[in-house]
Amino acid sequence: MKKAYVFPGQGSQFPGMAKELYENDARAKEMFEKANSVLGFRITDIMFEGTQDDLKQTKVTQPAIFLHSVILAKCLQDFKPDMVAGHSLGEFSALVAAGALDFEEGLRLVSIRAKAMQKACEIAPGSMAAIIALPTETVEDLCHSIEGIVIPANYNCEGQVVISGEKEAVEAACVKMKEAGAKRALILPVGGAFHSPLMEPARTELADAIEKARFTRPICPVYQNVTALPSTDPDEIKENLLKQLTAPVRWTQSIRNMENDGAGHYVEIGPGKVLQGLIAKIAAQAESIEGHQSI
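Note that residues are indexed from 1 along each chain, following the sequence as it is written. Two thresholds apply to this predicted model, a pLDDT of at least 70 for residue-level local features and 80 or more for giving and counting side-chain atom pairs, whereas whole-chain, interface and lining totals are computed over all residues. With hydrogens and water stripped out, all remaining heavy atoms of the structure feed into the side-chain values.

Student: For this particular structure, what's the right way to read the side chain of H195?
Tutor: In this text, helices come from DSSP runs of H or I with a minimum length of four residues, and strands from runs of E with a minimum of two, each type numbered from the N-terminal end. Within the secondary structure, H195 is located in the loop between β6 (184–187) and α10 (200–212). N or O atoms closer than or at 3.5 Å make up a polar contact, with two conditions inside protein: a donor-capable atom paired with an acceptor-capable one, and, for residues adjacent in sequence, both atoms drawn from side chains. A polar atom in the side chain of H195 sits 2.7 Å from the backbone oxygen of Q244. Other than its neighbours up to four places away in sequence, H195 contacts S88, R113, I151, A153, N154, Q244, L245, T246, A247, P248 and V249. We call two residues in contact whenever any of their non-hydrogen atoms come within 4.5 Å of each other.

Rendered as structure tokens:
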């Protein structure tokens, strides 16, 4: 039975996140202080003592989740995965944890990504919606039938697909989804249309930073969001990481491919339990699904 480590994305943050890790592990404390220096502000103060609203700041949310996940992985003595994957932002965590990207460089990329995505939201405001209990193919077909930009953005699990795009197009799609039998078509409280063509300005801004970053071969295959396939080739990893901003997160397909490749033990590393819930719905043959939030 192979072990798969998975890393959460945006939305898994919570007040007090990683405080126990900081206080109980000297190496973790050193890495968090390094992060404060790299970012130019004390993100740890916001993570440990800030409110939920404080943590929603774009410059805070993504680096905070990344730091919680990566530092925890680096401090786990039994971190010996056969494969890794991360949901959206979590892919950066997975790459650093697996040694494909240096910690400081990974943090800088995540910070640049967060700011670039915020700018893209201001340039082209959009929205996202969760479609519940409708076949994936139906969601895809209905998105194609809508005038304007709206695409499936997150294939979270069968019966849960998030769509993303122009506000009017997403709203029109929600009406059609409900007419087609969706249990829910819920507009999400997000600032933009992530993982859609509206993120093109962010992709362009991030391209230069990713191109200059030094990627090396990871210790194990990384199942990437764009392809849902394993990769260990640094150039391929960079290319897929950049495409991720404007392309869907194929999480369902990634977990199924990991399962087909022998994964039976899944461990979510970082804040929250979202991925554990999704994997339980996707990987019917999984022998164990657990999470780590602290040492």
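Picking up after the structure, the text goes on.
Student: Explain the sheet that holds β6 to me, please; I cannot follow it from the model alone.
Tutor: Backbone hydrogen bonds are what pair the strands of a sheet, in a parallel or an antiparallel way. Read from one edge to the other, the open sheet built from 4 strands follows the order β4-β5-β3-β6, with strand pairing classed as antiparallel. The two strands at the open ends of the sheet, each matched to only one other strand, are β4 (150–157) and β6. For this sheet, the mean angle separating the axes of adjacent strands, direction not counted, is 25°. Here, any two strands with at least 2 DSSP bridges between them count as paired. Of the pairings in the sheet, the one linking strand β3 (residues 126–132) to strand β5 (residues 160–166) comprises 7 bridges and is antiparallel in character. Each bridged residue has a counterpart across the sheet, and for A130 the counterpart in β5 is V162. Axes here mean lines fitted to C-alpha atoms, for a helix over just the part in contact, with angles spanning 0 to 180 degrees between N-to-C directions. Lying on the sheet, helix α8 (residues 136–145) is in contact with β3, β4 and β5; it crosses β4 at an angle near 165°.

Student: What should I look at first to understand the pattern of salt bridges in this one?
Tutor: Put simply, a salt bridge is a Lys or Arg side-chain nitrogen that is within 4 Å of an Asp or Glu carboxyl oxygen. Per the stated rule, a full pass over the model turns up 12 salt bridges. Note that E49 and K19 form a salt bridge whose closest N and O atoms lie 3.1 Å from each other. In this pair, E49 is assigned in helix α3 (residues 43–49) and K19 in helix α1 (residues 19–24), connecting sequence segments 30 residues apart. Looking at E49, the relative accessible area reads 57%, which means it is exposed. Judged by relative accessible area, K19 falls into the partly exposed class, the value being 28%. Residue K243 pairs with E239 through a salt bridge whose shortest N-O separation is 3.1 Å. One end of the pair, K243, and the other, E239, are both in helix α11 (residues 234–243), 4 residues apart, so they sit about a helical turn from each other. Because the salt bridges share partners, they merge into one network encompassing E33, R42 and D45. Residue burial is assigned from relative accessible area. The probe radius is 1.4 Å, only protein chains are included, and a residue is buried under 20% of its type maximum, exposed over 50%, and partly exposed in between.

Functional significance is not addressed by these values, which are geometric in nature.
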